[in-house]
Amino acid sequence: MTSAVPSAVATALEDVDPELRAALLACWTDVSNAGGAVGFVPPVTEDDVVPALDALLTRVAQGRERVVVLRVDGELAGWAVLSLSVSPLRRHWATVLRVQVHPARQGQGLGRALMTGVHDAARSLGLEMLHLTVRGGYGLEGFYAGLGYQEFGRMPGAIRVAPGDDREEVHLFARL
C-alpha cells in the first residue's frame, strides 16, 4: 500500500521477524519518551515496553491483530495495530491501537500516510468501520476528524497520566 508521501509505504503484516521486532520496540520506546499517547507515561525503557510488545506480537501470531508498518526509504517510520474482533457480531469492524510515528519523522505528513495504510489494510480484510480512542488534552481529535473520524463519546478521568492528572478517553469511529 503506497501513501501520498513519496517513498512512504504502509504494509499490514501477519508476522514480525526479530529485526522488525527490535525496530518496533525502539520506536514505541522513543514515542513514549517523547510524550506520545501510546500506552505508557515517560520515562520508559525498552525493558518496560517489552512485555506489552511481546503480548501484542502473540496476538498477531494468533491472527487476532495485524501490525501496519510505515517505512520511508525502507526504514521503519511508524506503525499501528488493527485489533480484530473475535465476536461474530463485530467482525465487520476493528479497533486501531498504538498509532505512532517516530519523533524524528513527525511533521512530514506520515501520520496521515500511516492511517491511510491502516484504512487500506482494513478494507482488504473486508472491514467496514474502525474505532479508536485518543487521550484527551493532546488535540488529536482534529487530526482524526480530518481522516473522517467522528467522536461518539468521552469517558472523563479514564486515563491517569500522573497523580492528580486524569485525562478523558475520547472514542472515535470512521466508516470505510
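Each remark here, short or long, concerns the structure printed above.
Residues numbered from 1 in each chain as written. Predicted model: local features only at pLDDT ≥ 70, side-chain atom pairs only at ≥ 80, totals over all residues. Heavy atoms only, no water.

Caption draft 1: The environment of Leu57, seen in detail. Mapped onto the elements of the fold, Leu57 is located in helix α2 (residues 46-61). Along the backbone, Leu57 and Val72 are 15 residues apart, and their C-alpha atoms lie at a distance of 22 Å. If near-sequence neighbours (up to four positions away) are discounted, Leu57 is found in contact with Val16 and Arg21. (Helix = DSSP H or I, 4+ residues; strand = E, 2+ residues; numbered from the N terminus. Contact = heavy atoms within 4.5 Å.)

Caption draft 2: The nonpolar core, seen in detail. By size, the foremost hydrophobic cluster in this structure holds 28 residues, and its most contacted members are Val118, Leu130 and Tyr149. For this core, the elements supplying multiple residues, two or more each, are β1 (8-13), β2 (65-72), β3 (75-84), β4 (93-101), α3 (110-124), β5 (129-135) and β7 (165-175). In terms of residue count, α3 provides more of this core than any other element does, seven residues in total. Excluding its chain neighbours within four sequence positions, the residues that come into contact with Tyr149 are Val96, Met115, His119, Leu130, Leu132, Tyr144, Leu172, Phe173 and Ala174. Counting residues in each nonpolar core, the second largest holds 21 residues, with Val16, Leu24, Cys27 and Val60 among its members. (Core = buried A, V, L, I, M, F, W, Y, C linked by side-chain atoms within 4.5 Å. Buried < 20%, exposed > 50% of the residue type's maximum accessible area, 1.4 Å probe, protein only.)

Caption draft 3: The arrangement of helix α1 (residues 18-33) in detail. Taking 1.5 Å per residue, 16 residues should reach 22 Å; α1 reaches 23 Å between its end C-alpha atoms and fits that length. All of the buried residues along α1 are Leu20, Leu24, Leu25, Cys27, Trp28, Thr29, Val31 and Ser32. Considering only its buried residues, α1 is in contact with β1, α2, β2, β3 and β4. Structurally, the start of α1 carries an N-cap: the backbone nitrogen of Glu19 is 3.2 Å from a side-chain oxygen of Asp17. A positive backbone phi angle near 95° is found at Gly35, which sits one or two residues after α1. (Expected span 1.5 Å × (residues − 1). Polar contact = N/O pair within 3.5 Å; in protein donor to acceptor, adjacent residues only side chain to side chain.)

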